[in-house]
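Here is what each chain is made of, one letter per residue.
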Amino acid sequence: MHMNNRSIFSTALLIFTFGISLAQNRVVINADLGRDTISRHIYGHFSEHLGRCIYGGFYVGENNTKIPHQKGVRKDVLTALKELKVPNLRWPGGCFADTYHWKDGIGPKADRATIVNTWWGGVTEDNSFGTNEFLDMCEMLEAEPYLSANVGSGTVQEMAEWIQYVNHDGVSPMADLRRENGREKPWSVKYWGVGNEAWGCGGNMTPEYYSDIYRQYVTFMADWTKSRGMYRIASGASSDDYNWTEVLMKNIPLKMLEGVALHHYSVIDWSAKGPATAFSEKQYFEIMDRALEMEELVTRHTNIMDKYDPHKRVDLVVDEWGGWYDVEPGTNPGFLYQQNTMRDAMLAGTTLNIFNNHCDRVKMANLAQAINVLQAVILTDEEKMILTPTYHVMKMYNVHHDALMLPVSLETDDYRFGDNNLPALSVSASSDNMGVMHISLVNIDAHQSKTVSVDIRGHNINRETGQILKSDKLQDHNTFENPDLINPQDFKGFKMMENVLAVTLPPFSVVVLECN
Ligand code: AHR
């Protein structure tokens, strides 16, 4: 890579002054070449009727006297999620969405039909958390709701009536029903998923068949959102099923589509996922390998979309991503309850950097899932609540919400394990509407700290501060007994010389720098 005189001078000075070896690791940030905005919706979350995500996680019921709540929604959870600035929340699934009949979840609670959650644990739910409860909760969180409509076992009419119930302002059967249920004004829901995993739990369809079904459903999706516009998301591919994206993009007219989904879970092997906490370094390496695949997935799905949509009208929506391990010993296997360690912080930090860097096409993403399920940001146990390492990464990164993405180039050492290697470092950068620059760096190496020179071009820096998330062991995690073992701390491991920062990242750490 070419280095200009100033860079050579300051790099040499850093090496001389601080004895720093900058041999392999180098970031160049082109602060004057920003073009695309990092949509805050990349930082979205997902809340399925699965295990203790909704019941016990978000919602404890209006009559609960033990756990403080607002209309049945846990106050501790509301406070924590508001600090994250959750931009959108997907609901009610997941696989559950294609079994869900929204009319069973409205009106007086005593009259609501029950539902057996066939996908997740076979438990019977009382439908006490339904459309009104979810949409009111999104208002409390100041998050955009993202509703997943039932295509697999529902009907076009059922979905059209749901839209009328939540969005129609005038006189109509469903708007009147909403008023009877105590809500005068519509919620104006913009984000709608047309089915979920249509290739699997959503109906085992072929992409050709689903494309036709999608066209049929969206034909009856009335837009009462006024100037906001409906945002319709087609059920997307699983990981590297590029044919799925190809067929959808070919068969669905662009004017019928705002987003195409993609689901990618970092899992070692679906029949041997490995433990969430007592994992080996080999298992860590394998999970990071799967997580970093996101770069290739996003690039290749984007290339296919570019072919049919060169002007990028349609977004790539990664509405399920995260790590998937064995459930915690002794818990219901259908509830997908897993702990969350520094490994998950590495997974979150690198994945969010990938999304930031691809923000011209990736406009929305949803971590799976928000509470008590898979790579959760929050875990609860009755009245207790803890924040996970993933929560802290999401919070450290929220400085990137709606900021201008600054193009970066990266030269990095490898993280080696046996005969295999992965790039040790990951980076993204942005400039917010006050002109403040943020740089997020991750070192996934399990053993070695990494010093990296960050050459900032086109922006003069006067003052830098930083935060770091690190711990002694990769397996470290917060528990109900020790909830603050992993917490962001002030970071001082950098020196600035002539607009080049030398940053030393400890093993398996996430750093966010703020440069004024
Ligand atoms: O997030 C858990 C499940 O994973 C979702 O219900 C489904 O969409 C995916 O397979």
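## Details of the overall build of the chain
Thought 1: Counting its regular elements, the chain contains 10 helices and 27 strands.
Thought 2: For the C-alpha atoms alone, the extent of the chain along its principal axes is close to 75 × 50 × 45 Å.
Thought 3: Counting only residues that meet the buried cut, the chain has 61% of its 516 residues in that class.
Thought 4: Put simply, of all contacts in the chain between residues at least 6 apart along the chain, 75% involve residues at least 24 apart.
Thought 5: Here the chain displays about 19,600 Å² of accessible surface, and carbon together with sulfur accounts for 50% of that area.
Thought 6: Separation between the mean location of the 46 positive side-chain charges and that of the 65 negative ones in the chain comes to 4 Å.

## Quick look at the domain arrangement of the chain
A common measure of how large an interface is: the accessible area buried when the components associate.
Thought 1: By domain assignment, the chain separates into domain 1 (5-30 + 406-515) and domain 2 (40-273 + 316-340 + 363-384).
Thought 2: Spacing between the C-alpha centres of domain 1 and domain 2 amounts to 36 Å.
Thought 3: Contacts between domain 1 and domain 2 engage 5 residues on the former and 7 residues on the latter.
Thought 4: Together, the buried faces of domain 1 and domain 2 total about 410 Å²; carbon and sulfur atoms form 63% of this surface.
Thought 5: Summed over the three residues of domain 1 that lose the most area to domain 2, namely His 477, Asn 478 and Phe 480, the buried surface amounts to 92% of that side.
Thought 6: Summed over the shared surface of domain 1 and domain 2, the result is 0 salt bridges.
Thought 7: The class makeup of the residues in the side of domain 1 that touches domain 2 is 1 nonpolar, 3 polar and 1 charged.

## Observations regarding the sheet that holds strand β26 (residues 500-505)
Thought 1: Judged by pairing direction, the sheet is mixed, and its 5 strands sit side by side in the order β17-β1-β22-β26-β25 without closing on themselves. Pairing within the sheet leaves two strands with one partner each, and these edge strands are β17 (408-411) and β25 (494-497). Between one strand axis and the next, the sheet turns by 15 degrees as a mean value, whatever way the strands run.
Thought 2: Of the pairings in the sheet, the one linking strand β22 (residues 450-457) to β26 comprises 6 bridges and is antiparallel in character.

## What to know about unusual backbone geometry
Thought 1: With omega at 5 degrees, the peptide bond leading from Trp 91 into Pro 92 counts as cis.
Thought 2: The topology assignment puts Pro 92 in the loop between β5 (88-91) and β6 (115-116).
Thought 3: A cis amide bond links Gly 93 with the next residue in sequence, Gly 94, at an omega value of 15 degrees.
Thought 4: Inspection of the secondary structure assignment puts Gly 94 in the loop between β5 and β6.
Thought 5: Phi is positive for Glu 142, which is not a glycine, with a value near 55 degrees.
Thought 6: With respect to the helices and strands, Glu 142 occurs in the loop between α3 (131-141) and β8 (144-149).
Thought 7: Accessibility expressed as a relative area gives 63% for Glu 142, which makes it exposed.

## Here we look at the site of the ligand
Thought 1: Glu 48, Cys 95, Glu 197, Tyr 265 and Glu 320 are the nearest of the 13 residues found near the ligand.
Thought 2: Within the contact set of the ligand, an oxygen atom lies 2.9 Å away from a backbone nitrogen or oxygen of Cys 95.
Thought 3: Note that an oxygen atom of the ligand is positioned 3.0 Å from one of the side-chain N or O atoms of Gln 369.
Thought 4: In the complex, the protein chains occlude 94% of the 280 Å² of accessible area that the ligand would expose alone.
Thought 5: Because more than half of its atoms lie within 2 Å of the grid, the ligand is assigned to the second largest pocket.
Thought 6: Taken together, the residues of the shell around the ligand break down into 7 nonpolar, 3 polar and 3 charged.

Rules behind the numbers
- Residues numbered from 1 in each chain as written.
- Predicted model: local features only at pLDDT ≥ 70, side-chain atom pairs only at ≥ 80, totals over all residues.
- Heavy atoms only, no water.
- Helix = DSSP H or I, 4+ residues; strand = E, 2+ residues; numbered from the N terminus.
- Buried < 20%, exposed > 50% of the residue type's maximum accessible area, 1.4 Å probe, protein only.
- Contact = heavy atoms within 4.5 Å.
- Areas by Shrake-Rupley, 256 points an atom, 1.4 Å probe, with all protein chains shown as cover.
- Lys, Arg positive; Asp, Glu negative; His and termini not counted.
- Charge placed at Lys NZ, Arg CZ, Asp CG, Glu CD.
- Domains from an automatic or database assignment.
- Buried area = accessible area lost by both parts, 1.4 Å probe.
- Salt bridge = Lys/Arg side-chain N within 4 Å of Asp/Glu carboxyl O.
- Nonpolar A, V, L, I, M, F, W, Y, C, P; charged D, E, K, R; others polar.
- Pairing = 2+ DSSP bridges.
- Axes fitted to C-alpha atoms, helices over the stretch in contact; angles between N-to-C directions.
- Near = heavy atom within 4 Å.
- Polar contact = N/O pair within 3.5 Å; in protein donor to acceptor, adjacent residues only side chain to side chain.
- 1 Å grid on protein atoms, 1.4 Å probe; cavity = no way out; pocket = protein on both sides within 12 Å on 5 of 7 lines; lining within 4 Å.
- Sits in = over half its atoms within 2 Å of the grid points.

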